[in-house]
Amino acid sequence: MASTPRHVPVAVVGGGQAGLSVSYHLKLRGIEHLVFEKNTAAHTWSTQRWDTFCLVTPNWQCDLPGHPYDGPEPDGFMRKEEIVAYLKAFVAKVNPPIREGVSVNRVERQEDGIFSVQTSEGDYTADEIVVASGGYHTPIIPRMAEKLPGSITQIHSNQYRNPDQLPEGEILVVGSGQSGAQIAEDLHLAGRKVHLAVGDAPRCARFYRGRDVVTWLADMGYYEMTVDNHPLRDGVRDNTNHYVTGRDGGRDIDLRRFATEGMRLYGLMEDYRDGCLRFRDDLKRSLDGADRTYNGINAAIDKYIAEKGIEAPAQDHYTPVWEPGEPVASLALDGSGITAVVWCIGFSPDFRWLDASTFNGSGNPKHKRGITNEPGVYFIGLPWLNTWGSGRFGAVGRDAEHVVQAIQQRLGTKRFALKFAV
């Protein structure tokens, strides 16, 4: 005889900083719940980051609920081991009712309106479902990778740890977003010969006119701008993050400077055929676009300084230190010296386990600050869920509180309706 599934009012799927933030606010309100995490709480920071990884935003922006950064370097950038320690302390503080090592395989609404939650340890039911598994699920590796010779080592950015894990020889890094630019720098600083296929990611300065650019933008209110007020509206959720680094106290990442030091830059990598890597003729456009964004942010800071009458040291805008020569349309792999490829072109979402009518054609959820049109289904921890910091340590806690308030209201309404019906 089949056992009756255990019922919990709220099931939280994902035990990273987003799921833990939801648990914090649910516990604060005395709402029973379970957090399901297929690995261990906040594991990605220790298992899917390279050895020299560090934050690209200052430590003072780390403000998980009830757990603000309180270390000695508020203007510094936590390194990997410090981030892991910060999160372990948060887990201990929240003490969530978490089921680690348990994957959620299927969630669907039953005829009675309750959700069926099928997990690797058995079945549950829940009134409310909070999806806190983020949006970076499946590493993107293009089909052209299948055509590369078997002698070429291929890894994704989430598998990269350090230069020593790659074979001797030259390295091709594909993609120049935050991960691609920082991994290319890591290899370059280690003395490896790097080939970088550049995309259209923007960049920003680390410091400008005496302060961290993030601090200026915070004062300007940028991080409080909601997606509804952003010029791109929902389109901003598809934007690539600006590349910059907090390494060694923080600095710019200037691909042009790397080129002067021996790194080889190419346009977008489009294919591999007939023994050759094929590149788009867009390197100059991509570099110019990144620099235009860099200088545009600095110009906005200049305007703010002038309007507020702030005393700040003058600083020139960026001028290119290198220009591409004749475009390289193809590179014969044989003889290039390349022995490994690091794919740094992102991730795709995978919410196939959730049977709900709340997704768009790209497989991304439709929501208003995490609250969907499917009653009882919520999302948390996604980029620009509400503001720039929604997918980061800075604002995920506020979004979690907003979602939990909606849950509390809905649970209260349901209980009142049941009581009235009786």
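Residues numbered from 1 in each chain as written. Predicted model: local features only at pLDDT ≥ 70, side-chain atom pairs only at ≥ 80, totals over all residues. Heavy atoms only, no water.

1. Structural notes on the pattern of salt bridges
The condition is simple: Whenever a carboxyl oxygen of Asp or Glu lies within 4 Å of a side-chain nitrogen of Lys or Arg, that contact is scored as a salt bridge.
Counted according to the given criterion, the structure contains 32 salt bridges. The salt bridge partner of R285 is D282, with a shortest N-O separation of 3.5 Å. A cluster of three or more residues bridged by salt bridges with shared partners is formed by R203, R256, K284, D288, D291 and E323.

2. Some thoughts on the nonpolar core
Heads up, the rule is: Take the buried residues of types Ala, Val, Leu, Ile, Met, Phe, Trp, Tyr and Cys, join any two whose side-chain atoms come within 4.5 Å, and each joined set is a nonpolar core. Working definition: with a 1.4 Å probe on protein chains only, accessible area under 20% of the residue-type maximum means buried, over 50% means exposed, and in between means partly exposed. Helix and strand assignments come from DSSP, with helices taken as H or I runs of at least 4 residues and strands as E runs of at least 2, each series counted from the N terminus. Here, two residues are considered to be in contact whenever any of their heavy atoms come within 4.5 Å of each other.
V173, L255, L265, I380 and F393 are the most contacted members of the largest nonpolar core, which has 83 residues in total. With seven residues, helix α8 (residues 396–421) is the largest single contributor of residues to this core. In this view, V173 contacts G180, A184, L187, V194, H195, L196, A197, V342 and C344; residues no more than four positions away in its chain are not counted. Counting residues in each nonpolar core, the second largest holds 21 residues, with Y208, Y294, I297 and Y318 among its members.

3. Focus: the pairing of strand β6 (residues 104–109)
For clarity, the threshold we go by: Strands qualify as paired when DSSP identifies two bridges or more between them.
Summarising the sheet, β6 and strand β7 (residues 115–119) pair through five bridges and their orientation is antiparallel. Within β7, the residue paired with V104 across the bridge is T119. A loop of five residues connects β6 with β7, the two strands running antiparallel in sequence, and G113 in this loop sits at a positive phi of about 90°. In this structure, β6 lies alongside strand β21 (residues 354–355), joined through two bridges in parallel fashion. Along β21, the bridge assignment pairs V107 with L354.

4. A short note on the environment of M144
Mapped onto the fold, M144 is located in the loop between β9 (138–139) and β10 (153–156). Given a relative accessible area of 12%, M144 falls into the buried group. For the pair M144 and R161, spaced 17 residues apart in sequence, the C-alpha separation works out to 24 Å. With residues up to four places along the chain from it excluded, the contact list for M144 reads M269, E270, D271, Y272 and W343.

5. Description of the sheet that holds strand β18 (residues 330–332)
Definition in use: Axes here mean lines fitted to C-alpha atoms, for a helix over just the part in contact, with angles spanning 0 to 180 degrees between N-to-C directions.
If you walk across this open sheet you meet the three strands as β16-β17-β18, and the pairing is antiparallel. Looking at which strands have only one partner, the edges of the open sheet turn out to be β16 (269–273) and β18. Recorded for the sheet is a direction-independent mean angle of 20° between the axes of neighbouring strands.

6. Some words on the packing of aromatic side chains
Where two aromatic rings form a pair, the distance of their centres and the angle of their planes describe that pair. For clarity, the cut-off: Two rings from Phe, Tyr or Trp (for Trp, the six-membered ring) form a pair when their centres sit within 6.5 Å of each other. Planes less than 30 degrees apart are called stacked, planes more than 60 degrees apart edge-to-face, and all others tilted. Here, a charge over a ring means that NZ of Lys or CZ of Arg falls within 6 Å of the ring centre while also lying within 35 degrees of the ring normal.
The full count for this structure, using the stated rule, is 15 aromatic pairs. Ring geometry for F351 and F359: centres 5.7 Å apart, planes at 20°, overall stacked. The class of F359 is partly exposed, set by a relative accessible area of 22%. An aromatic cluster is present here, built from W45, W50, F53, Y86 and F393 joined pairwise through their rings. Directly above the aromatic system of Y294 lies the positively charged group of R203, at a separation of 4.1 Å from the ring centroid.

7. Side note on the packing of helix α1 (residues 17–28) against helix α3 (residues 80–94)
Spelled out, the test is: Convention used here: angles under 35 degrees read as roughly parallel, angles over 145 as roughly antiparallel, angles from 65 to 115 as roughly perpendicular, and any remaining angle as oblique. Each helix crossing is assigned a hand: it is left-handed if the near helix lies turned anticlockwise from the far helix by less than a right angle, otherwise right-handed if that turn is clockwise. Classification used: nonpolar for Ala, Val, Leu, Ile, Met, Phe, Trp, Tyr, Cys and Pro, charged for Asp, Glu, Lys and Arg, polar for all others including Gly.
Taken N-terminus to C-terminus, the directions of α1 and α3 make an angle of 25°; their axes are 10 Å apart at the nearest point. With respect to each other, α1 and α3 are oriented roughly parallel. The hand of the α1/α3 crossing is left-handed. For the pair formed by α1 and α3, the contact residues are Q17, L20, S21, S23, Y24 and K27 on the first element and L87, F90, V91 and V94 on the second. For the contact of α1 with α3, the class distribution of residues is six nonpolar, three polar and one charged.

8. Some thoughts on the sheet that holds β10
Across the sheet, which stays open at both edges, the five strands sit in the order β10-β19-β11-β12-β15 with parallel pairing between neighbours. A strand with exactly one partner marks an edge of an open sheet, and here the two such strands are β10 and β15 (264–266). With strand direction ignored, the average angle separating the axes of adjacent strands in the sheet is 20°. Judged from the four bridges that link them, β10 and strand β19 (residues 338–343) form a sheet pairing that is parallel. Residue pairing for β19: H156 is matched across the bridge by W343.

9. Observations concerning unusual backbone geometry
Even without being a glycine, R209 presents a positive backbone phi close to 50°. Topologically, R209 is positioned in the loop between β13 (207–208) and β14 (211–212). Notably, W384 is not glycine yet its phi reads approximately 55°, a positive angle. By relative accessible area, which is 7% here, W384 ends up buried.

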